[in-house]
Amino acid sequence: MFSGLEWYWWLVIVAVLIVSIPFKVKLMKWWSGRKQSKKKGKSGKWGDEE
């Protein structure tokens, strides 16, 4: 088969990718929210100093 892997290994790889996509989306949302809150916290403390 492709790259010398059996068909069931391709199923395992595809299953892992499908399961990991929602976790990645959740992580990206959390990370962007964290960056925004840090940015707000910095500008609120001492004005516009960075």
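Residues numbered from 1 in each chain as written. Predicted model: local features only at pLDDT ≥ 70, side-chain atom pairs only at ≥ 80, totals over all residues. Heavy atoms only, no water.

Visitor: In this structure, what is going on with the overall build of the protein chain? I would like to understand it.
Guide: Helices and strands together make up the secondary structure of the protein chain, namely one helix and zero strands. By element, 68% of the accessible surface of the protein chain is carried by carbon and sulfur atoms, the whole surface being about 5,200 Å². (Helix = DSSP H or I, 4+ residues; strand = E, 2+ residues; numbered from the N terminus. Areas by Shrake-Rupley, 256 points an atom, 1.4 Å probe, with all protein chains shown as cover.)

Visitor: What should I look at first to understand a nonpolar patch on the surface in this one?
Guide: A surface patch of nonpolar side chains, about 880 Å² in accessible area, is lined by Leu-5, Trp-7, Tyr-8, Trp-9, Leu-11, Val-12, Ile-13, Val-16 and Leu-17. Along the chain, Trp-9 turns up in helix H1 (residues 7-46). (Patch = residues over 30% accessible without salt bridge, like charges linked within 9 Å, V, L, I, M, F, W, Y side chains within 5 Å. Salt bridge = Lys/Arg side-chain N within 4 Å of Asp/Glu carboxyl O.)

Visitor: Explain the packing of aromatic side chains here, please?
Guide: What characterises a pair of aromatic rings is the spacing of the ring centres plus the angle enclosed by the ring planes. As enumerated under the stated definition, the model contains three aromatic pairs in all. Between Trp-7 and Tyr-8, the aromatic rings sit 5.8 Å apart at their centres with planes inclined by 80°, giving edge-to-face as the arrangement. The class for Trp-7 is exposed, based on a relative accessible area of 52%. Judged by relative accessible area, which is 40%, Tyr-8 ranks as partly exposed. (Phe/Tyr/Trp six-rings, centres within 6.5 Å; stacked < 30°, edge-to-face > 60°. Buried < 20%, exposed > 50% of the residue type's maximum accessible area, 1.4 Å probe, protein only.)

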